[in-house]
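# Breakdown of the fold
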Amino acid sequence: MVEINPWSSDVSTDYARIIDQFGLEPVSLVDIPNPSLQHRRGIIFAHRELDNILQAHSRGDPFGVMTGLMPSGQMHLGHKMVIDQVRWFQEQGADVTIAVADLEANATRGISLAECRKVALEEYISNYVAMGLDPDKTHIYFQSMRPIVQRMGFTLGKKTNLSEFEAIYGFKGDTNLAHVQAPLVQAGDILHPQLDEYGGLRPIVVPVGVDQDPHLRLCRGLAAKTNWFNVNDRKKGGLRITVSVMDENQHVVSDAKNTFGQIVSTLKGLGYSDIMADAKHGICDLPAATSKDRYTIRMALLQLERSMGGQGLLQPSSTYHRFAIGMTGGKMSSSMPETTIFLNEDLAKMEKKFKRSFSGGQSTVEEHRRLGGNPDIDVAFQYLNFFFEEDDAALEEVRRGYVAGDILSGELKAMTIEKAATWLTNLGELRDQNAHLVNDFLAADARL
Ligand code: TRP
């Protein structure tokens, strides 16, 4: 059993088992338009319902990307991995929503809301700006200042209970209640961009490390439990639509004839003619529909739900990335500065970290020439792979040279140091040049 919990410090790296155990889908490179470095190198290895996003993209329909930041400590290379994904989605046409998780940081790390604001602006948002997000298509807000997010968190709470939180997060009797609320607020973060005031119904993707998957499972479950209409595979082939009757909608949907009438006319509007509606048994079958049609049917039924007074929330999609190894060979963590490079690290310190970093080389030059190095466990190589060498052919050449023993560990480290220095210097300059834009990234309600 792989145990994953967003607040624990150890992380499993057995990705095949993670896919299996959490029911993720492997990412297939051929489906990704304009694949980024992270796609090409298998760094983004799994997803949930990315197809919704890809379908919206190929139809020219709107879609969004959502992430959140814990405004604690300094930004490092681990954070860069998420921002790179957000930027890639933005380049493909997504609008961007970013939550400053000040309530979560307050609940789980004891940081005051005022301190959260300072850190978010000075450390995080300035780096987001430097990393090339487009201020016109990026909306950053604070959890504590967006009432709708908290209100959604509260009302979604009705769809779960303490036992589920125990099972998902390992919460116990002594877990403080602010901590218990944090995942609900995060569900509000992830789902609220679909509300009409925040862009309306559209697929939203959340790129995360696997440690955050429990939040996504919870959020997807909560969204599904609010849905009035369900779309499932039909045993005999095709898709089956059923209606969920609950406190919130029984006054509307209990008129089955009217409800199914509206479902049928919605489906007709999509062009289906073979529709088998059975209001009495509460089912409507589409024998000719395939799983490819699921997305458009779901979207149409969510719109119908909205028109009938429901929330019409689509489950979020998600992508999962591998973790880069820490510089000392173990886990990368901001609480152990020697394991990572900070985005404002000075060059001499960066150089020292690489010189001391875990190497896949042999212990003597003679042995290295004879046996070659192991790039898979070599920090300098992996950091080229994950972060600093955009060119696949150039990376492959380095890999071959290292494996063959032609490139020594010291030489490999020197290459990586040079690339990292260029990147850090650039980033610093962009941070300074664009500092005046920080305010443009804040949503109106966050500018106060
Ligand atoms: N829990 C996330 C973290 O620990 C922060 C976060 C808050 C978040 N809201 C979010 C992440 C919404 C993704 C989407 O870093």
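Residues numbered from 1 in each chain as written. Predicted model: local features only at pLDDT ≥ 70, side-chain atom pairs only at ≥ 80, totals over all residues. Heavy atoms only, no water.

## Considering the sheet that holds strand β5 (residues 138-142)
Taking strand neighbours across the sheet as the criterion, the 7 strands line up as β1-β2-β11-β6-β3-β4-β5 in an open arrangement whose pairing is mixed. The open sheet has two edge strands, β1 (25-26) and β5, and neither has a second partner. As judged from the 6 bridges shared by strand β3 (residues 64-69) and strand β4 (residues 95-100), these two strands associate in the parallel manner. Bridge assignment links Leu69 to a residue of β4, and that residue is Val100. Lying over the sheet, helix α10 (residues 213-226) contacts β2 (44-48), β6 (204-209) and β11 (317-321), oriented at roughly 170° with respect to β11. (Pairing = 2+ DSSP bridges. Helix = DSSP H or I, 4+ residues; strand = E, 2+ residues; numbered from the N terminus. Contact = heavy atoms within 4.5 Å. Axes fitted to C-alpha atoms, helices over the stretch in contact; angles between N-to-C directions.)

## Description of the sheet that holds strand β9 (residues 276-278)
Taken together, the 4 strands give an open sheet; going across it, the order is β7-β8-β10-β9, and neighbouring strands pair in antiparallel fashion. Either end of the sheet is taken by a strand with one partner, and the two such strands are β7 (229-233) and β9. Pairs of neighbouring strands in the sheet enclose a mean axial angle of 20°, with direction left out of account. Bridge count for β7 against strand β8 (residues 239-243) is 5 bridges, and the pairing is antiparallel. Bridge pairing links Asp233 to Leu239 in β8. Most of the contacts of helix α13 (residues 294-307) go to β7, to which it runs at about 165°, and overall it touches β7, β8 and β10 (283-286).

## What about the site of the ligand?
Among the 13 residues in the neighbourhood of the ligand, the closest are listed as Gly68, Glu104, Gln186, Asp189 and Gln212. Within the side chain of Gln186, a nitrogen or oxygen atom sits 2.8 Å from a nitrogen atom of the ligand. Contact with the protein chains covers 90% of the free accessible surface of the ligand, which is 360 Å². Of the residues contributing to the shell around the ligand, the split by class is 5 nonpolar, 6 polar and 2 charged. (Near = heavy atom within 4 Å. Polar contact = N/O pair within 3.5 Å; in protein donor to acceptor, adjacent residues only side chain to side chain. Areas by Shrake-Rupley, 256 points an atom, 1.4 Å probe, with all protein chains shown as cover. Nonpolar A, V, L, I, M, F, W, Y, C, P; charged D, E, K, R; others polar.)

## A look at the side chain of Lys80
Mapped onto the fold, Lys80 is located in helix α4 (residues 77-91). Not counting chain neighbours up to four residues away, the residues in contact with Lys80 comprise Met131, Phe387 and Trp423.

## A closer look at the nonpolar core
Counting 70 residues, the largest nonpolar core has Tyr128, Phe354, Tyr383 and Phe388 as the members making the most contacts within it. When residues in this core are grouped by element, the largest group, 8 residues, is from helix α16 (residues 379-388). Contacts of Phe388, omitting those with residues within four sequence positions, involve Leu77, Phe354, Tyr383, Thr416, Lys419, Ala420 and Trp423. One finds Phe22, Ile168, Leu195 and Ala443 within the second-largest nonpolar core, a separate group that totals 37 residues. (Core = buried A, V, L, I, M, F, W, Y, C linked by side-chain atoms within 4.5 Å. Buried < 20%, exposed > 50% of the residue type's maximum accessible area, 1.4 Å probe, protein only.)

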